[in-house]
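Descriptive structure summary
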Amino acid sequence: MKKGFLLLLLLFAALQSRAQESQSQYNFLRLPVSAHAAALGGDNVTIIEDDASLVFSNPALAASVSDMSIGLNYMSYMKGANYLSASFVKAASDKATWAVGAQYINYGTMKETDEYNRETGSFSAQDVALSGTFAYTLASKWVGGITAKMVYSSLGSYTSLAMGVDLGLNYYDPDHEWSISAVARNLGGELKAYDEDFGKMPLDVEVGVSKTLAMAPLRFSATLVDMTHYDYRFANHLCLGADLLLSESIWIGAGYNFRRADEMKIQSSDSQSSHGAGLSLGAGINLERFKLNVAYGKYHVSSSALMINVAYCL
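Numbering of residues starts from 1 in each chain and follows the order in which that chain's sequence is written. A pLDDT threshold of at least 70 governs which residues receive local features in this predicted model, and a stricter bar of 80 or more applies before side-chain atom pairs are shown or counted, although totals over entire chains, interfaces and linings include all residues. With hydrogens and water set aside, each side-chain value is computed from the structure's full complement of heavy atoms.

**A closer look at the packing of aromatic side chains**
Any two aromatic rings considered together are summarised by their centre-to-centre distance and by the angle between their planes. Aromatic rings from Phe, Tyr and Trp, with only the six-membered ring used for Trp, were paired whenever their centres fell within 6.5 Å, and each pair was classed as stacked if the ring planes differed by under 30 degrees, edge-to-face if by over 60, and tilted otherwise. The tally for this structure, following the rule as stated, stands at four aromatic pairs. Ring geometry for Phe134 versus Tyr136: centroids 6.3 Å apart, planes at 20°, classification stacked. Ring plane angle 85° and centroid distance 4.9 Å describe the contact between Tyr256 and Phe258, whose orientation is recorded as edge-to-face. For every residue, the accessible area (1.4 Å probe, protein chains only) is compared with the maximum for its type, and the residue is labelled buried under 20%, exposed over 50%, or partly exposed between those bounds. Classification of Tyr256 as partly exposed rests on a relative accessible area of 29%. For Phe258, a relative accessible area of 28% puts it in the partly exposed group.

Written as structure tokens, this is what we have:
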């Protein structure tokens, strides 16, 4: 228990380091990898599932994943952008679990012009992140985790390189179905910049809670994100989600991301509307060895995103 509280204090110490989003790079690391998390509003660090893709949200959740699990994930993100990821989880002992992962996003091909707006060709842009995760059971209900990642970005002929660390802590009470987590993501910085200006990693501190009702097959989740941005109003830190657990293997979920909805509002003649941005839906079937999860969400007023997770336990 003392170890758990100590790690929690270390996580919240990251709140002392501010990171202005407009100055950060590698913001693809903010995108959800798990379809289940995406369905619950896009940010969730607390649901306890046998789901290898949740390791990208909170490294402590690797302890809940079956030994020798392989996960493959795809997301159609905005027009022309495709997001791919993969993970492998291995139990090292009764208390220790490790995992490796990879994330890749391709933003498509764009026109290249000179200072006179004359087209001179085309270029592409992509980001890659490779990660290693270690999770350890600190006490009967406490698990801590750490992820180290190397990030590479290419924008035409320009490239950059960075290293980052995620820290995660989870408290799970299976008797009362409470799950509470704290996560500090993307602690680190650039090793090689596009030019002489070194940017920042998209630091994000999140805390969350999930609760499954005793008398109904419902699980509710609430997550506070971007806790390093003290000037945000409270609603723009909040992400809510709910699961209908039809059985031990089948779930249907929905969520709402308040910040996304607020940022996507468009002013019309007499009102504002986010046109559904912020809403997300999903469902999944998780058998003993094979798992399939799908999520749909609006990340922009003019486009939607579809995410698919497939996993297999060897």
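So that's the structure; there's more coming.
**Some points on the pattern of salt bridges**
Basic side-chain nitrogens of Lys or Arg form a salt bridge, by our definition, when they fall within 4 Å of a carboxyl oxygen of Asp or Glu. Using the criterion set out here, one finds 11 salt bridges in the structure. Here Asp226 ties to Arg30 by a salt bridge, and the two come within 3.0 Å at their closest N and O atoms. In this pair, Asp226 is assigned in the loop between β9 (218-224) and β10 (238-245) and Arg30 in the loop between α1 (2-13) and α2 (35-39), connecting sequence segments 196 residues apart. Per residue, the accessibility class of Asp226 equals that of Arg30, and both read buried. The closest approach of N and O atoms between Asp166 and Lys149, which form a salt bridge, is 2.9 Å. Here Asp166, found in strand β6 (residues 158-173), pairs with Lys149, found in strand β5 (residues 142-155); they are 17 residues apart in sequence, far enough to count as distant. Owing to a relative accessible area of 3%, Asp166 belongs among the buried residues under this scheme. The secondary structure listing takes helices from DSSP runs of H or I that are at least 4 residues long and strands from runs of E that are at least 2 residues long, numbered from the N terminus.

**Describing the environment of Ile250**
Summarising the element assignment, Ile250 is placed in strand β11 (residues 250-257). With 41 residues separating them along the chain, Ile250 and Lys291 place their C-alpha atoms 9.9 Å apart. Two residues form a contact once any of their heavy atoms are found within 4.5 Å. If sequence neighbours within four positions are ignored, Ile250 has contacts with Leu244, Leu245, Gly284 and Ile285.

**Remarks on the confidence of the model for the chain**
The predictor rates its confidence in each residue with pLDDT, a number between 0 and 100. For the chain, mean pLDDT is 89; residues scoring 70 or higher make up 90% of the total. Here residues 1-22 is modelled with pLDDT under 50, and outside its nearest four sequence neighbours on either side it reaches 46 contacts, counting other chains as well.

**Digging into the environment of Ser93**
Examined against the element boundaries, Ser93 turns out to sit in the loop between β2 (81-91) and β3 (96-113). Looking at Ser93, the relative accessible area reads 41%, which means it is partly exposed. Ser93 sits 104 residues away from Asp197 along the chain, and the two C-alpha atoms are 44 Å apart. Separated by 3.1 Å, the side chain of Ser93 and the backbone nitrogen of Ala96 make a polar contact. Under the rule applied, a polar contact is a pair of N or O atoms within 3.5 Å (in protein, one hydrogen donor and one hydrogen acceptor; residues adjacent in sequence only if both atoms are side-chain atoms).

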